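Listed here are the chains, written in short residue letters.
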Amino acid sequence: MALVASLFWAAAFNSALFSAAMRGRALDDLSTWGFVGALAAALVALNWLIVGVFAHRLTVKPLLALLTLASAAGSWFITAFGIALDPTMLRNTMATDRAEVRELLSPRFLMHMALFVGLPLFLLWRVRVTRPAWRRALGHRVLLLGGALLVLGVALWSVFQPFAALSRNHKEVRYLITPVNMLWSSGVVLLADSQGAAKPREPIGLDASPGPSWATRQRPLVVVLVVGETARAANWGLNGYARQTTPRLAQSGVVNFSDVTSCGTSTETSLPCMFAPVGRRDYDEARIRGQHSLLQVLARAGVAVDWRDNQSGCKGLCDTQTLVDALNAPGWCDGQRCLDEALIHDLPVRLIAARGTQLWVLHMLGNHGPSYFRRYPPKFSQFQPECRNDDLGQCSPASVVNAYDNALLYTDHVLAAAIAMLKAASADVDSALMYVSDHGESLGEHGLFLHGLPFAMAPDVQKQVPMVWWSSAGFEAAAGLAPNCLAPYLAQQAGQPLAHDHLFHMLLGALDVRTSLHEPKLDLTWPCRDTTRRRTDEAVADGRQR
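Here we summarise the structure given alongside this text. Predicted model only: the values in this text are computed from it and were never measured.

**Some remarks on helix 11 (residues 267–274)**
Working step 1: In terms of residue burial, helix 11 counts as a mostly covered element, since 8 of its 8 residues are buried.
Working step 2: Taken together, the buried positions of helix 11 are T267, E268, T269, S270, L271, P272, C273 and M274.

The structure is reproduced here in structure tokens:
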């Protein structure tokens, strides 16, 4: 049973692995088929070895059934979207909500599962496993494990150099080996989460305090941070895209930053990183997940922080803050998903009630795939024909892009509407709005869809994201900045390389919160800060670096 299952998994669920192994090789070359044959033998032996260690009479059927189910699902998404099942992608999978699962359950997926899970499990359950004598069982187990190790060793030795080169040049290949990829990645994620759960998050920014501008403010100051979802810079109209996907923002007086790099290629990675002081330049996942975020630092200084969510949650960032689910917004939701206008439907009322200094985070659904057509109302179906299928494989590449661009049109509408509401309240509230997407998206380039590839090998379209800034006429004075300085300076920086790393420090500056965590060189409001404050904080930053 172990051998048959290992052969089946290798043949049925590893087409992406064999395609990667044959890439660039001549099909009429015997060495190509020798390499593929040895790789197949090693794969069967590896599967056989894993099953042989854990399977016995009572566990063999449940184990084979579970691995077949997981392998079938994993192989579908690998081949359908060109993803690799590394630990980050497994973490994304574990955080998937019910609404997203329903969108992924396409007819083709269900047919795939029926064929590659239903039929094998029917045959598996008809097999009768007998109870052998323990000496005989022990002998069989030793022969099984020894034979698997021998085959694995000989197969890898025979193709060691080409396989090592393939793994070195295309690191994602190791995460195409099914079901080993899921076993390894799941183990890494569960181990990291169990270690993190064993200790509370470490407080940071204990010295956070309000800056001098707080004492002189005459009106409330509100910064609205809109965290986009899956918007890529390549299709952003303000960046010079052939289509105008941001017509309303183009008339809203925003500063557009055209060269911004994300911290990751998935929400699970980017969102915690965006709110951490270290960012991508000194990336340490365990450190980021084990510490408080910008939200707690700001709250410690007296900023009222509020998080509204139309996605899959705040990933642990807002544990001590108010979290409002967009599903509570009447008129914008169907009980499963909400349109992003649910996040701003009561913004005028909130502005009237605003007091003191506040940060409002709006976490959008944005362009979350693959069901781009579900992210916007019908009146935004401007680019036609649009893909109206949850299974992107059933649509033409052009229609997929059309649906994606229509979703961007709706994001443009939501952002412009929010800015209009802030402008309308500018006589009573000093405000600013910052929008930045968490990561980009692949739309079929090089056979890839969606996102989540390991950062080092992900294409730029998964890492380059849009970012815009708008502020009211009274914001500069309220934030303690020099008059008529911020907008011109930001316009000068609009084409410079920026990153998610700037977000933490720019928000500290915009809200005028003082802490030794602040790095002035990453704060785009800093050149407009008063000279005395700049000298003091630069000295603190220099001392910290030394």
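**Brief notes about the state of the cysteines**
Working step 1: Taken as a whole and assessed by the stated rule, the structure comprises 4 disulfides.
Working step 2: The partner cysteine of C263 in its disulfide is C273, sulfur to sulfur 1.7 Å. Its torsion about the S-S bond being 60 degrees, the disulfide of C263 and C273 is classed as right-handed. Of this pair, C263 sits in the loop between strand 3 (255–261) and helix 11 while C273 is found in helix 11, placing the two residues 10 residues apart along the sequence. The same class applies to C263 as to C273, namely buried.
Working step 3: The disulfide partner of C387 is C395, and the gap between their sulfur atoms is 2.1 Å. Sign of the S-S torsion, about 65 degrees for the bond between C387 and C395, identifies this disulfide as right-handed.
Working step 4: On the basis of relative accessibility, which here comes to 3%, the residue C387 falls in the buried class.

**Observations regarding helix 18 (residues 501–510)**
Working step 1: With respect to burial, helix 18 is a largely interior element, 10 of its 10 residues being buried.
Working step 2: Of the residues one or two after helix 18, D512 is the one with positive phi, at around 55 degrees.

**Some details on the pattern of salt bridges**
Working step 1: All chains considered together, the criterion is met by 15 salt bridges.
Working step 2: Here R350 ties to D306 by a salt bridge, and the two come within 2.9 Å at their closest N and O atoms. Of this pair, R350 sits in helix 14 (residues 347–353) while D306 sits in strand 4 (residues 304–309); the two residues are 44 residues apart in sequence, bridging distant segments of the chain. Neither residue differs from the other here; R350 and D306 are each classed as buried.
Working step 3: Note that D512 and R529 form a salt bridge whose closest N and O atoms lie 3.7 Å from each other. With D512 in the loop between helix 18 and strand 12 (513–514) and R529 in the loop between strand 12 and helix 19 (531–545), this residue pair connects regions lying 17 residues apart in the sequence.
Working step 4: Through salt bridges with shared partners, a single ionic network connects D306, R308, D346 and R350.

**Quick notes on the environment of A403**
Working step 1: Relative to the elements of secondary structure, A403 occurs in helix 15 (residues 397–424).
Working step 2: Overall, the relative accessible area of 0% leaves A403 in the buried class.
Working step 3: With residues up to four places along the chain from it excluded, the contact list for A403 reads Y372, F373, Y376, E386 and C387.

**Quick word on the packing of aromatic side chains**
Working step 1: Per the stated rule, a full pass over the model turns up 10 aromatic pairs.
Working step 2: With a centroid separation of 5.9 Å and an interplanar angle of 15 degrees, the aromatic rings of F77 and F81 are classed as stacked. Taken together, the positions of F77 and F81, both in helix 4 (residues 60–81) and 4 residues apart, correspond to about one turn of that helix.
Working step 3: Owing to a relative accessible area of 6%, F81 belongs among the buried residues under this scheme.
Working step 4: Taking the centre distance of 5.2 Å and the plane angle of 65 degrees together, the rings of F380 and Y410 count as edge-to-face. In this pair, F380 is assigned in the loop between strand 6 (357–363) and helix 15 and Y410 in helix 15, connecting sequence segments 30 residues apart.
Working step 5: Residue class for Y410 comes out buried when judged on its relative accessible area of 1%.
Working step 6: Joined through ring pairs, the aromatic side chains of W76, F77, F81 and F109 make up one cluster.
Working step 7: The ring of F455 carries R280 above its face, with NZ or CZ at 4.0 Å from the centroid.

Calculation criteria
Residues numbered from 1 in each chain as written. Predicted model: local features only at pLDDT ≥ 70, side-chain atom pairs only at ≥ 80, totals over all residues. Heavy atoms only, no water. Buried < 20%, exposed > 50% of the residue type's maximum accessible area, 1.4 Å probe, protein only. Helix = DSSP H or I, 4+ residues; strand = E, 2+ residues; numbered from the N terminus. Disulfide = S-S within 2.5 Å. Salt bridge = Lys/Arg side-chain N within 4 Å of Asp/Glu carboxyl O. Contact = heavy atoms within 4.5 Å. Phe/Tyr/Trp six-rings, centres within 6.5 Å; stacked < 30°, edge-to-face > 60°. Lys NZ or Arg CZ within 6 Å of the ring centre and 35° of its normal.

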